[in-house]
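# Architecture at a glance
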Amino acid sequence: MQILKSGLIVLVFSLHFPLFSEERSDFDHVRKAVVQIKVYSQAFSAFTPWATDGVRASSGTGFLIGNKRILTNAHVISNAKYVQVQRYNQTEWYRVKILHVAHDCDLAVLEAEDPEFYKDSTDLSLGEIPELNSSLIVVGYPIGGNKVSVTRGIVSRKEQSKYEHSSVDSHLVLQVDAAINPGNSGGPAIQNNKVVGVAFQVATKGENIGYLIPTKVIRHFLKDIEDGRYDGYVELGIGTFNSFNTSLRKAKGIPEGLEGVFVTRILPNGSADGYLKEGDYLTEIDGLSIGRNGTITLDKDARVDFTETVDDKYSGEPIRFKVFRNGKLIDVEFKAKRMPDFDFMRNRYDTPFDYSMIGGLLFQEMTRDLLGAWSRSGSTSGGSQFLYRYDYFIEDGIGRTKKADVVLYRKLAHPVNSSSDYFLNLVLESVNGEEINSLADLKRILSGSKSKFLKLKFLNIDLPLILDRDEAQKADSQIRSTYGLE
């Protein structure tokens, strides 16, 4: 799937407007709440962290939900420098401020600074999750026009799926066959005059397959920000395996007819760490039976992964399991909590990338953005270690002892670093014998060292990289001038 980044010129014609006066009046109510968003953004570069990309213009859609709040997608306003909004009957663009952004569920709340923007506006209310095979309309401003556009579609599936904006998080989505195009992002899907979803991404394969963020996810976001701060989703932090294999069930002594899934992995620092065990057989969560495929009943139309129940919770709320362990059914309860360990795996927006340089050698903490930039650069020597550590940093429990892997990912060529290529894309283990567990460690050691030489030891490499500290620091001044780091 891909998110609906605007930038392509796509013509979308308004489809069937309601024929009856009452329906037309209802649509007028909707139209007064829908907002076109114009964004000027500038992204930070992971590969060249002292620079920014060029300014980019794009557009999206939002809608009013009360208290002067405009709801839209996070990806519509990510890396924004200047954001304006306009409604269908207005000629002036109004500046907005960004109140809250949730990159893990691709939602954001904005507010127009000028009260005039809200004159003769309406607010939309949230409905429930629509039924399969029920119709809805998607309202927005696809690129190619500044007139509001309406498309009709059918709810064709309910499932958990990855949200491409973060590239890590999975939440509930609604699949629809309404035409959704770049610029529709953040627009409401309407059924029975209520919002039942927000348009946010489309399938890369197939035709007319779009996805909505359901109101279940929207309400979770809005409740989270009630205290003025977005905290984010909690994580259960386990791996599971289905119980379709009858022989496996018998070998584990699972009673006949008892459905559930096996726990195969407990991730360090997750909510379940210290409470569930590998080999546990999970049969219920919060009183809901877990099937052999790991699903629970969402409603009469769909079953979803049992972790959807955890998605509804906030930090500190209890998670209750019924577990078959050591031949007995027992109750296990623990509190939900967020896992910051996953943060490095999410796409990052709105903030620059921190780095350190010595002798033209550039170091950063490993992140998804750095991995992507490194891959696109084509300088992938030594990449297997880089990739392995990225994929298994959490699973191998490395995060228990260190904040992050620090990687030598690039060099700015200078005679002082001419023999350092061998060490590119490796994880820095220590400097002058001091362990490196974060970029802050490296900066502290480099700034405080009085040694004549810097001995850089890399993971799984016996031979260290040796730099003359004075020569490296002198070279950095020349490099900063030559490569425009000033």
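Residues numbered from 1 in each chain as written. Predicted model: local features only at pLDDT ≥ 70, side-chain atom pairs only at ≥ 80, totals over all residues. Heavy atoms only, no water.

As a further point, take the confidence of the model for the chain. With 94% of its residues at a pLDDT of 70 or more, the chain shows a mean pLDDT of 91. In the predicted structure, residues 7-23 sits below a pLDDT of 50 and forms 27 contacts with residues beyond four places in sequence or in another chain. (pLDDT = per-residue confidence, 0-100. Contact = heavy atoms within 4.5 Å.)

Residues Gly383, Gln385, Phe386, Arg389 and Tyr390 constitute the buried set of helix α7 (residues 383-392). One side of α7 carries all its buried residues, which in axial view fall inside an arc of 165°. In the core, the buried residues of α7 are packed alongside α6 (368-377), β24 (406-411) and β25 (426-431). (Buried < 20%, exposed > 50% of the residue type's maximum accessible area, 1.4 Å probe, protein only. Helix = DSSP H or I, 4+ residues; strand = E, 2+ residues; numbered from the N terminus. Arc of directions from axis to C-beta.)

This structure, assessed with the given rule, holds one cavity of 30 Å³ or more. As for the largest cavity, its lining consists of Lys216, Val217, His220, Tyr233, Glu308, Asp311 and Asp312. Looking at the lining of the largest cavity, the elements with two or more residues in it are α3 (215-224) and α5 (307-311). Take the lining of the largest cavity: its biggest share by element is three residues, from α3. Along the lines of polarity and charge, the residues of the lining of the largest cavity split into two nonpolar, one polar and four charged. Formed jointly, the lining of the largest cavity draws a minimum of three residues from each of two domains, domain 2 (134-225) and domain 3 (238-337). (1 Å grid on protein atoms, 1.4 Å probe; cavity = no way out; pocket = protein on both sides within 12 Å on 5 of 7 lines; lining within 4 Å. Points joined across faces, edges and corners; volume = space filled by probe spheres on them. Nonpolar A, V, L, I, M, F, W, Y, C, P; charged D, E, K, R; others polar. Domains from an automatic or database assignment.)

The biggest cluster of nonpolar side chains holds 50 residues, and the ones touching the most others in it are Ile37, Ile70, Val85, Phe117, Val139 and Phe221. With five residues, strand β7 (residues 107-112) is the single largest residue contributor to this core. Per-domain counts for this core show at least three residues from each of domain 1 (27-118) and domain 2 (134-225). (Core = buried A, V, L, I, M, F, W, Y, C linked by side-chain atoms within 4.5 Å.)

A word on the UniProt feature "domain: PDZ" (unreviewed entry) in the chain. Per the UniProt annotation, the sites labelled "domain: PDZ" (unreviewed entry) are residues 233-290. This span, residues 233-290, is 10% helix and 29% strand, and a straight line between its end C-alpha atoms measures 22 Å. (UniProt positions renumbered as here; feature names shortened; annotations may be inferred.)

Attention now moves to the sheet that holds strand β4 (residues 69-72). Taken in spatial order, the six strands of this closed barrel run β2-β3-β4-β7-β6-β5, and their pairing is antiparallel. Here the average twist between neighbouring strands, direction ignored, is 40°. Pairing of strand β2 (residues 34-41) with strand β5 (residues 80-87), which is carried by seven bridges, proceeds in the antiparallel orientation. Looking across to β5, one finds that Tyr40 is bridged to Tyr82. Seen against the sheet, α3 touches β3 (56-66), β4, β6 (94-102) and β7 and runs at an angle of roughly 60° to β7. (Pairing = 2+ DSSP bridges. Axes fitted to C-alpha atoms, helices over the stretch in contact; angles between N-to-C directions.)

As defined by bridge partners, strand β8 (residues 135-140) adjoins strand β9 (residues 149-162) across six bridges and the pair is classed as antiparallel. Bridge pairing links Gly140 to Ser149 in β9. Relative to strand β10 (residues 170-176), β9 is paired through seven bridges, and the arrangement is antiparallel. Among the inter-strand pairings, Lys162 is bridged to a residue of β10, identified as Ser170.

We note that the domain assignment places domain 1 (27-118), domain 2 (134-225), domain 3 (238-337) and domain 4 (354-483) within the chain. Placing the centre of domain 1 and that of domain 2 at their C-alpha centroids yields a distance of 17 Å. On the side of domain 2, 31 residues touch domain 1, which itself brings 31 residues to the contact. Note on domain 1 versus domain 2: buried area summed over both sides is about 2,400 Å², and carbon and sulfur give 70% of it. The three residues of domain 1 that bury the most area against domain 2 are Gln36, Thr61 and Phe63, which together make up 21% of that side's buried surface. In this structure, the connection of domain 1 to domain 2 is made through zero salt bridges. Where domain 1 touches domain 2, the interface holds nine residue pairs in polar contact (both at pLDDT 80 or more). (Buried area = accessible area lost by both parts, 1.4 Å probe. Salt bridge = Lys/Arg side-chain N within 4 Å of Asp/Glu carboxyl O. Polar contact = N/O pair within 3.5 Å; in protein donor to acceptor, adjacent residues only side chain to side chain.)

Turning to the packing of aromatic side chains, a few remarks are in order. Scanning the model with the defined rule gives 17 aromatic pairs in all. A ring pair is formed by Tyr94 and Phe117, whose centres lie 5.6 Å apart and whose planes are at 65°; its orientation type is edge-to-face. You can see Tyr94 sitting in strand β6 and its partner Phe117 sitting in the loop between β7 and β8, a full 23 residues away along the chain. For Tyr94, a relative accessible area of 7% puts it in the buried group. Look at Phe117 and you get buried, because its relative accessible area is 0%. An angle of 90° between the planes, with centres 5.3 Å apart, marks the rings of Tyr422 and Phe423 as edge-to-face. Residue classification places Tyr422 among the exposed residues on the basis of a relative accessible area of 56%. (Phe/Tyr/Trp six-rings, centres within 6.5 Å; stacked < 30°, edge-to-face > 60°.)

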